[in-house]
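# Residue-level structural notes
One letter stands for each residue in the lines below.
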Amino acid sequence: MAKDKTIYTCTECGGTSPKWLGKCPHCNAWNTLIESAAESSAPVKNRYSSQFQSLAKASDVTALADIEATDMERTPTGHEELDRVLGGGIVEGGVVLIGGDPGIGKSTLLLQALDSLQRAGLNTLYVTGEESGAQVALRSRRLGLDGSQVKVLAEIQLEKILATLEATQPAIAVIDSIQTVYSDQLTSAPGSVAQVRECAAHLTRAAKSSGVCIVLVGHVTKEGALAGPRVLEHMVDTVLYFEGDTHSSFRLVRAIKNRFGAVNEIGVFAMTEKGLKGVANPSAIFLSQHSEPVPGSCVLVTLEGTRPMLVEIQALVDNGGPSPRRLSVGLDRDRLAMLLAVLHRHAGVACMDQDVFVNAVGGVRISEPAADLAVMLAITSSLRGKPLPKGFIAFGEVGLAGEVRPAPRGQERLKEAAKLGFSVAVVPKANAPKKPIEGLTIHAVERVEEAMNVVRGLG
């Protein structure tokens, strides 16, 4: 049977061309033509119609309040940290896309999760396009998954994968990876924009029509974004990113999109000889173990999704000469420059001729503005050479006028700090609790200069 003809469509103007060109002949845009299947003029059956019949059922227009809706039933994966990120577990018919750097642990975590689900009585399938079945079996032995009954299929052709899904009817299937899968409908190589988009669309329709939960493993580019078209992230229900340094034993799994749960949730894992293990108290990772307080160190209570987490902010202020440097790791450099200006103008702490280096310990990236106050206190501590008191924490957003604004969910942050043994806190006045928290002395401030005076008094 002859393959379907292909055409090349411009992503900018929608114009078509029978062959690939560097420049679109319609709008003159460069490198915008991508391959797609041509629509035949003959009255043949649409190749998508059978797949859409189960999804696009005829129905009348209904008011939103009249539609019966029930919560999606979730199946725990056996790994609490992964369930936290997914919103409680896998969902029937859900499609999850997980991306991360090579060797960071994507396949390891998913193989462990499949084994746990299989031992719980669910039918599972692991489709590998990058390894042989023997390689997957060797990895399972290394992870200590002896006697695992997870079914493995080494295949990259989409049509065979879909036929296997229909024949075996698994509860959850992992496709490792979507960039290796190709469809006979297109002539382009696996991993191309057209192949990734087409294969992901077919797999998503199969998941919705059959109720199988499909997990797609995605490659990432050098910049860390998921490879392939951005529409890949729009099609799926959940997008997870694996973060962390491959030289470190700790990994973060972050939810960027989740139609069945909260976004920005993170799960923390430690890479061990037996695979990835969940970390119950992630705050311990991001805190240095100092026998005595040191200058330039301040602990921040940050919020990752619904989880309060303690992170140590370290600052080093040193003589910089005529052109001082401003360097930050894990924090926004432009925000650091702004905080230094506020510190000078409203608190009288000048760092114009000093090099300022700021680091978030443990490789964590902090994007929320609640870190402002902790950064400023760490810089002041380093500049004066005086450590902050033992058991000290701080959080709060700082404005250009020198005011200290409240951070969201301040009560939970303070309770987490008290639970971990911290005894002194400087927080925005609006975050001060109405009832005292046992073991925690709270100093509520409204302005930067007030916070500096409080810290001086504590010293």
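The structure we're discussing is the one just above.
Calculation criteria
- Residues numbered from 1 in each chain as written.
- Predicted model: local features only at pLDDT ≥ 70, side-chain atom pairs only at ≥ 80, totals over all residues.
- Heavy atoms only, no water.
- Helix = DSSP H or I, 4+ residues; strand = E, 2+ residues; numbered from the N terminus.
- Buried < 20%, exposed > 50% of the residue type's maximum accessible area, 1.4 Å probe, protein only.
- Polar contact = N/O pair within 3.5 Å; in protein donor to acceptor, adjacent residues only side chain to side chain.
- Contact = heavy atoms within 4.5 Å.
- Salt bridge = Lys/Arg side-chain N within 4 Å of Asp/Glu carboxyl O.
- Pairing = 2+ DSSP bridges.
- Core = buried A, V, L, I, M, F, W, Y, C linked by side-chain atoms within 4.5 Å.
- 1 Å grid on protein atoms, 1.4 Å probe; cavity = no way out; pocket = protein on both sides within 12 Å on 5 of 7 lines; lining within 4 Å.
- Points joined across faces, edges and corners; volume = space filled by probe spheres on them.
- Nonpolar A, V, L, I, M, F, W, Y, C, P; charged D, E, K, R; others polar.
- Axes fitted to C-alpha atoms, helices over the stretch in contact; angles between N-to-C directions.
- Parallel < 35°, antiparallel > 145°, perpendicular 65-115°, else oblique.

### As for the side chain of Asp372
With respect to the helices and strands, the residue Asp372 is situated in helix 9 (residues 372–384). On the basis of relative accessible area, Asp372 is assigned to the buried category, the value being 2%. Within the structure, Asp372 has its side chain in polar contact with the backbone nitrogen of Val398 (distance 3.1 Å). In this structure Asp372 touches Arg335, Leu339, Gly396, Glu397 and Val398, once residues within four positions along its chain are discounted.

### A look at the pattern of salt bridges
Applying the stated criterion to the full structure yields 16 salt bridges. The partner of Glu131 in a salt bridge is Arg139, and the shortest N-O contact between them spans 2.5 Å. In this structure, Glu397 engages Arg405 in a salt bridge whose closest nitrogen and oxygen atoms are separated by 3.1 Å. Judged by its relative accessible area of 34%, Arg405 is partly exposed.

### So, the pairing of strand 3 (residues 33–37)
Counting buried residues in strand 3 gives 5 out of 5 residues, a clear majority hidden from the surface. The side-chain alternation of strand 3 yields two buried faces, one formed by Leu33, Glu35 and Ala37 and the other by Ile34 and Ser36. Bridge count for strand 1 (residues 6–10) against strand 3 is 5 bridges, and the pairing is antiparallel. Bridging across to strand 3, Cys10 finds its partner in Leu33.

### Here we look at the side chain of Ser382
Structurally, Ser382 can be placed in helix 9. Within the structure, the side chain of Ser382 is placed 2.9 Å from the backbone nitrogen of Val317, a separation counted as a polar contact. Those residues in contact with Ser382 that lie beyond four places of it in its chain are Pro295, Gly296, Ala315, Leu316 and Val317.

### Focus on the pairing of strand 16 (residues 307–319)
Here 8 bridges tie strand 15 (residues 297–304) to strand 16, and the two strands are oriented antiparallel to one another. Paired with Thr302 across the two strands is Met309, which belongs to strand 16. The antiparallel pairing of strand 15 with strand 16 creates a hairpin that spans 2 residues between the two strands, and Gly305 there sits at a positive phi of about 70°. Of the strand pairs in this sheet, strand 16 and strand 18 (residues 354–360) are connected by 7 bridges, and their pairing is antiparallel. The partner of Asn319 across the bridge, within strand 18, is Gln354.

### With respect to the nonpolar core
Generally speaking, a soluble globular protein has its nonpolar side chains buried in company with each other. Within the largest apolar cluster, 63 residues are counted, with the highest numbers of intra-cluster contacts made by Ile313, Val358, Ile366, Leu377, Ile379, Phe392 and Val448. Ranked by residues supplied to this core, first place goes to helix 9 with 7 residues. If we skip the residues at most four places from it in the chain, Ile379 touches Ala315, Val317, Leu336, Leu340, Leu343, Cys351, Val356 and Val358. Counting 29 residues, the second-largest nonpolar core is a separate cluster that includes Ile104, Leu110, Ala113 and Val253.

### Observations regarding the environment of Ser423
One can find Ser423 in the loop between helix 10 (410–419) and strand 22 (424–428). Using a relative accessible area of 27% as the deciding quantity, one classes Ser423 as partly exposed. Residues in contact with Ser423, not counting those within four places in the same chain, are Lys390, Gly391, Gly439, Leu440 and Thr441.

### Thoughts on empty space enclosed by the protein
Scanning all chains against the criterion turns up 2 cavities of 30 Å³ or more. Here the largest cavity is characterised by a volume of approximately 110 Å³. For the lining of the largest cavity, the secondary structure elements donating two or more residues are helix 2 (80–86), strand 6 (95–99), helix 3 (106–119) and strand 9 (172–176). Here the element with the most residues in the lining of the largest cavity is helix 3; it accounts for 4 residues. If you add up the space inside the second largest cavity, you get close to 70 Å³. In this structure, the second largest cavity is lined by 13 residues; those nearest its centre are Gly89, Val91, Val96, Thr238 and Phe260. Of the residues belonging to the lining of the second largest cavity, the class tally is 7 nonpolar, 4 polar and 2 charged.

### Section: the packing of helix 5 (residues 158–168) against helix 6 (residues 193–210)
Look at helix 5 against helix 6: their axes get within 11 Å of each other, and the N-to-C directions meet at 10°. Here helix 6 runs roughly parallel to helix 5, going by the angle between their axes. For the pair helix 5 and helix 6, the contacting residues are Leu158, Ile161, Leu162 and Leu165 in the first and Cys199, His202, Leu203 and Ala206 in the second. Considering only residue class, the contact of helix 5 with helix 6 consists of 7 nonpolar, 1 polar and no charged.

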